Amino acid sequence: GNIPLEMHKVRIVQKLNLPPVERRVEAIKEAGNNTFLLKNSDIFMDMLTDSGVNAMSDNQLAAMMQADDSYAGSETFTRLENKIREIFDKRFFLPAHQGRACENILAQGLVKPGAIVATNYHFTTTKAHITLQSGSVEELVIDEGLNVNSNHPFKGNMDIEKLNVLIEKHGAENIAFVRLEAGTNLIGGQPFSLQNMREVQKVCKDFGIILILDASLLADNLYFIKEREEACKDMSIRKITRIMSELSDVIYFSARKLGCARGGGLCTNSEEIYLKLREYITLYEGFLTYGGMSVREMEAITVGLEETMDEDMINQGPRFIAYMVEKLQEKGVPVVTPAGGLGCHIDAMSFVDHIPQSQYPAGALAAALYIAGGVRGMERGTISEQRDEQGNEVFANVELLRLAMPRRVFTLSQVEYAIDRVVWLYENRKLIEGLTFVEEPKVLRFFFGKLTAV
Ligand code: F0G
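Residues numbered from 1 in each chain as written. Predicted model: local features only at pLDDT ≥ 70, side-chain atom pairs only at ≥ 80, totals over all residues.

Trainee: How would you sum up the environment of Ile209? Please name residues and give values.
Mentor: Within the secondary structure, Ile209 sits in the loop between helix H7 (194–207) and strand E6 (211–214). Each C-alpha atom, one on Ile209 and one on Glu6, is 42 Å from the other, the two residues being 203 residues apart in sequence. Once residues lying within four places of it in the same chain are set aside, the contact partners of Ile209 are Ala172, Ile175, Phe177, Val178 and Cys204. (Helix = DSSP H or I, 4+ residues; strand = E, 2+ residues; numbered from the N terminus. Contact = placed C-beta atoms within 7 Å.)

Okay, here's the thing in structure tokens:
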């Protein structure tokens, strides 16, 4: 059958705690119904994110012990730089402390006031950095990308027609760069195809526009290209990575997701771009041979990048997610299809269709699922958006509850438990009430905002 197999064995474990429902009710109240504000001691299954919480391998831990602690010229940095050169074939590597640090540097270096960044779909921190530089973001994902129930294998594809129209309307000179996000996060971890990337690159090349790949969720996207794209099924993961890299002028990543540790970085073959970005690294991140990362995490990234080239490693997330999606679908629970990477995404708009979008259905569902089972997910809907310049609410295109699947962390019985709790909640969904803000921060409000039942 479709039982996902763990292609590893568990050798170090961490004890979990399942607080009683009375404590869970209290805990979510203390957290202002915001799952970001829950304490881990109150959580059984932490499905908030796949960021910084993936399991590490024996080889990663071993490498961490061999780290070279020198401020400048560290061997550890050289190993990471060499691995980047080997896998991505990019000459220049700039280390940064995590993905959004790369976004800050890209935005400061490349986005002038009024400039547009065209993307398949925005990510929260990316958009915040671009708007901070008075730029704007245009979303050009194919229409099917926003259709929560679909059988399109590549819902993260960019619409080439929309890209051409945008360039015609604003002029290539007003487009700071085109950004393709692998494993498109906010629409359910949906991939783009290699063919689509080729087409996007052709347009960029014709108009002299920089193409930037956000490779934070590259592992999932690589797996889906190999699984779902006929022309790629006989290619190695390494080969697909190389082609994606050849098509990109700049690649940046959050190593909290890619490489399984902490950290991040940017790489490019363009000396001009490299020189433009380099000074910001030393200003914001640290010296050029660590960029805010510890040597131990750099060693883990070096090994983690190599392990990402192993199909048995990168299939773990997507296969467990597909299992969860399939089981929930069988019970009639509205989930995003096809199953993507990153996590299982529940369609909150339909799950709690008695809650209007102005009362944050996805946020309400996240709080309720925590009470129902001690399972912590993340709101990916209107709370994750920012208000417009006039202070009006910007309704998200999709209201999702994301149940992230940290890679190689949960066993299948834990996943079965999460499925059981979601199904129970679905059967009792009328208990769930909408939310309203009591404390609403201006920037990235989803991190710290507090809400109460309306
Ligand atoms: N790009 C993508 C596609 C991401 O998913 C993230 C982080 C970032 C950039 C920023 O990287 O966290 O290292 O600064 N996503 C996390 C998440 C936060 O939970 O989805 P970071």
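Trainee: Please provide a residue-by-residue account of the packing of helix H13 (residues 316–330) against helix H16 (residues 412–427), values included.
Mentor: At their nearest, the axes of H13 and H16 sit 10 Å apart, and the two run at 30° to each other. Of the possible angle classes, the one that applies to H13 and H16 is roughly parallel. Between H13 and H16 lies a crossing of right-handed hand. Facing H13, whose interface residues are Phe320, Tyr323, Met324, Lys327 and Leu328, H16 presents Val415, Ile419 and Val422. By residue class, the composition of the contact of H13 with H16 is seven nonpolar, no polar and one charged. (Axes fitted to C-alpha atoms, helices over the stretch in contact; angles between N-to-C directions. Parallel < 35°, antiparallel > 145°, perpendicular 65-115°, else oblique. Left-handed = near helix turned anticlockwise from the far one by under 90°. Nonpolar A, V, L, I, M, F, W, Y, C, P; charged D, E, K, R; others polar.)

Trainee: How would you summarise the site of the ligand if you had to cite specific residues and measurements?
Mentor: What surrounds the ligand is a group of 15 residues, the closest being Thr49, Gln98, Gly99, Arg100 and Ser254. By residue class, the composition of the shell around the ligand is two nonpolar, nine polar and four charged. (Near = placed C-beta within 6 Å.)

Trainee: Give me the lowdown on the UniProt feature "modified residue: N6-(pyridoxal phosphate)lysine" (unreviewed entry) in the chain, citing residues and values where you can.
Mentor: Under the UniProt annotation, "modified residue: N6-(pyridoxal phosphate)lysine" (unreviewed entry) lies at Lys257. One can find Lys257 in the loop between strand E7 (250–254) and strand E8 (264–268). Excluding its chain neighbours within four sequence positions, the residues that come into contact with Lys257 are Asp50, Ser51, Ser216 and Leu217. (UniProt positions renumbered as here; feature names shortened; annotations may be inferred.)

Trainee: Give me the lowdown on the sheet that holds E6, citing residues and values where you can.
Mentor: Strand order in the open sheet formed by seven strands is E2-E8-E7-E6-E5-E3-E4, and the pairing between neighbours is mixed. Each edge of the open sheet carries a strand with a single partner, namely strand E2 (92–96) and strand E4 (136–139). The average angle at which neighbouring strand axes cross in this sheet is 20°, direction not considered. Pairing of E2 with E8 involves five bridges; the strand directions are antiparallel. From the neighbouring strand, Leu94 faces E8, where its bridge partner is Leu266. (Pairing = 2+ DSSP bridges.)

Trainee: Any details on the nonpolar core? Residues and values, ideally.
Mentor: Counting 139 residues, the largest nonpolar core has Val178, Ile346, Leu365 and Leu369 as the members making the most contacts within it. Counting residues per element, this core draws most heavily on helix H15 (residues 361–373), at 10 residues. When residues are assigned to domains, this core turns out to be shared by domain 1 (21–50 + 313–453) and domain 2 (58–310), each giving three or more. Sequence-distant contacts of Leu369, defined by excluding residues within four places in its chain, comprise Val375, Gly377, Leu401, Arg421, Val422 and Leu425. (Core = buried A, V, L, I, M, F, W, Y, C linked by C-beta atoms within 7 Å. Buried ≥ 20, exposed ≤ 12 C-beta atoms within 10 Å, placed from the backbone. Domains from an automatic or database assignment.)

Trainee: Before we move on, can you summarise H16 with the specific residues and values?
Mentor: A rise of 1.5 Å per residue sets the reference length of H16, with its 16 residues, at 22 Å; its end C-alpha atoms lie 23 Å apart and thus fit the reference within 8%. Within H16 the residues assigned to the buried category are Val415, Ala418, Ile419, Val422 and Leu425. All buried residues of H16 fall inside an arc of 125° around its axis, so they share one side. Away from its buried face, by an angle of more than 90 degrees, H16 presents the exposed residues Ser413 and Glu427. (Expected span 1.5 Å × (residues − 1). Arc of directions from axis to C-beta.)

Trainee: Give a description of the sheet that holds strand E9 (residues 343–347) that names residues and reports values.
Mentor: Taking strand neighbours across the sheet as the criterion, the three strands line up as E9-E12-E11 in an open arrangement whose pairing is antiparallel. Of all the strands in the sheet, just E9 and strand E11 (378–380) have a single pairing partner and so form its edges. In this sheet, adjacent strand axes meet at a mean angle of 30° when their direction is disregarded. The pairing of E9 with strand E12 (residues 400–404) spans five bridges and is antiparallel. Residue pairing in the sheet places Gly343 in a bridge with Ala404 of E12.

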